[in-house]
Amino acid sequence: MKKNFKTNKAYFEINEERLTKEYFKFGNASKDFQILKNIQENYIDQKKDDWHYRALKVYNKPSQNSLEMEYIPADTIRSVFAKNRKSKNFYHMGMWLGILHKSTNEPGSNRVIAFRDFADLNFLLEMNNKTAVGIDPGNFEQLMDHPSISIVTGVN
C-alpha cells in the first residue's frame, strides 16, 4: 500500500507501516523530531478501561525537511466524533494528555513536556484496537512548561 496526501504544512507518503512527512519549510523536521522523540522516550504507555494510551514512534534522525514515523491506521478524534457524536471520544484525548504530563513531570516542579497543538486533528483513535495516540505536539523550541500550556495554546 502506497498513499500520498498533503496539508498546508507538509507532503505525506504512507508506505506499509511507515509515514514520511516532508515539510514545505526547512528546519521544521528537526524540531518535530526532537519533541516526538522526547515524548516517545518518556511517555509511559498505559491501559485504562480497555483502552491503550501510547506514544507515536519516530524513526532515525530526520533530514533537514523530512522525518519518518510509524503509520497508524486510525481516525482523528474529529472524524470519530463526526461519525459518532459521543463526548466520550474526547475523554481519550484528555487521558492521553494527562499521561504525557505525568510521564514527563520534572521532579520538584510543575514542568512537563507541553503538547502545544492540542487539537482534535492531532489525536488518533484506533477504535477496533482501542488505542489513543497524540501525533503532532507542535514544534516549539520550549519543550518543558506548565501543564496548562498544552490546553491554553491549543484553544487559541
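So, how was this worked out
- Residues numbered from 1 in each chain as written.
- Predicted model: local features only at pLDDT ≥ 70, side-chain atom pairs only at ≥ 80, totals over all residues.
- Heavy atoms only, no water.
- Helix = DSSP H or I, 4+ residues; strand = E, 2+ residues; numbered from the N terminus.
- Buried < 20%, exposed > 50% of the residue type's maximum accessible area, 1.4 Å probe, protein only.
- Contact = heavy atoms within 4.5 Å.
- Areas by Shrake-Rupley, 256 points an atom, 1.4 Å probe, with all protein chains shown as cover.
- Expected span 1.5 Å × (residues − 1).

Enquirer: Please provide a residue-by-residue account of the overall build of the chain, values included.
Expert: When its secondary structure is counted, the chain shows four helices and 12 strands. Put simply, the chain has 156 residues, and 40% of those count as buried. Summarising the internal contacts of the chain: among those between residues at least 6 apart in sequence, 61% fall at separations of at least 24. Accessible surface, the chain: about 8900 Å² in total, of which carbon and sulfur atoms supply 49%.

Enquirer: Could you give an account of the side chain of Arg54, naming the residues involved and the relevant values?
Expert: Tracing the chain through its elements places Arg54 in strand E5 (residues 51–55). Among the residues examined, Arg54 registers a relative accessible area of 14% and is labelled buried. Arg54 has contacts with Tyr43, Asp45, Glu70, Ile72, Trp96, Thr131, Ala132, Val133 and Gly134, leaving out every residue within four places of it along the chain.

Enquirer: Just give me the short version of helix H1 (residues 28–42), but keep the residues and values in it.
Expert: Under the 1.5 Å per step criterion, the end-to-end length of H1 is 21 Å for 15 residues, consistent within 8% with the ideal 21 Å. Among the residues making up H1, those that are buried are Asn28, Ala29, Asp32, Phe33, Ile35, Leu36 and Ile39. Those residues of H1 hidden inside the fold are in contact with strand E3 (18–23), E5, strand E6 (58–59), strand E7 (66–70), helix H3 (88–104) and strand E9 (112–113).

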